[in-house]
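# Close look at the chain arrangement
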Amino acid sequence: MKKVLYFSTAWCGPCKMFKPVVQQVSQETGIPVTYIDADQDQETAKKYNINSVPTIVIVDATGGMLYRNAGVMPKGQLSQLLRTIG
């Protein structure tokens, strides 16, 4: 099963704008998203080489990275992405 990881930080302005969009798309598609604070969980952020936030990472059942996008994306694009993995 694939997982969607959303990396952000408490101080990141774009993260604050994008998180409600991610939450809405997650609810609309029924695909859960794991929210990770890159400052609080530095080990996971390092594992996925998170250098900027916000970043969406899609991983397979073993944790292998399948997709990665740094930065904000339009709601429609995010919705299409999540629907293709679901």
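Presented here is a report on the structure given in the accompanying data block.

### What to know about the packing of aromatic side chains
Here a ring pair, both rings aromatic, is described through the centre-centre distance and the interplanar angle of the planes. Within the structure shown, the criterion is met by three aromatic pairs. Taken together, a centroid distance of 6.2 Å and an interplanar angle of 55° make the contact between Phe7 and Tyr48 tilted. Residue Phe7 is located in strand β1 (residues 3-8), and its partner Tyr48 is located in the loop between α2 (42-47) and β3 (55-59); the two are separated by 41 residues in the primary sequence. For the pair Phe7 and Tyr48, one class covers both residues: buried. The positively charged end of Lys19 is found above the aromatic ring belonging to Tyr35, 5.1 Å away from the centroid.

### Some details on the state of the cysteines
What the rule picks out here adds up to one disulfide. With its sulfur 2.4 Å from that of its partner, Cys12 forms a disulfide with Cys15. Because the sign of the S-S torsion sets the handedness, a value of about 80° for the bond joining Cys12 and Cys15 places this disulfide among the right-handed ones. Here Cys12 matches Cys15 in class, with each residue buried.

Parameters at a glance
Residues numbered from 1 in each chain as written. Predicted model: local features only at pLDDT ≥ 70, side-chain atom pairs only at ≥ 80, totals over all residues. Heavy atoms only, no water. Phe/Tyr/Trp six-rings, centres within 6.5 Å; stacked < 30°, edge-to-face > 60°. Helix = DSSP H or I, 4+ residues; strand = E, 2+ residues; numbered from the N terminus. Buried < 20%, exposed > 50% of the residue type's maximum accessible area, 1.4 Å probe, protein only. Lys NZ or Arg CZ within 6 Å of the ring centre and 35° of its normal. Disulfide = S-S within 2.5 Å.

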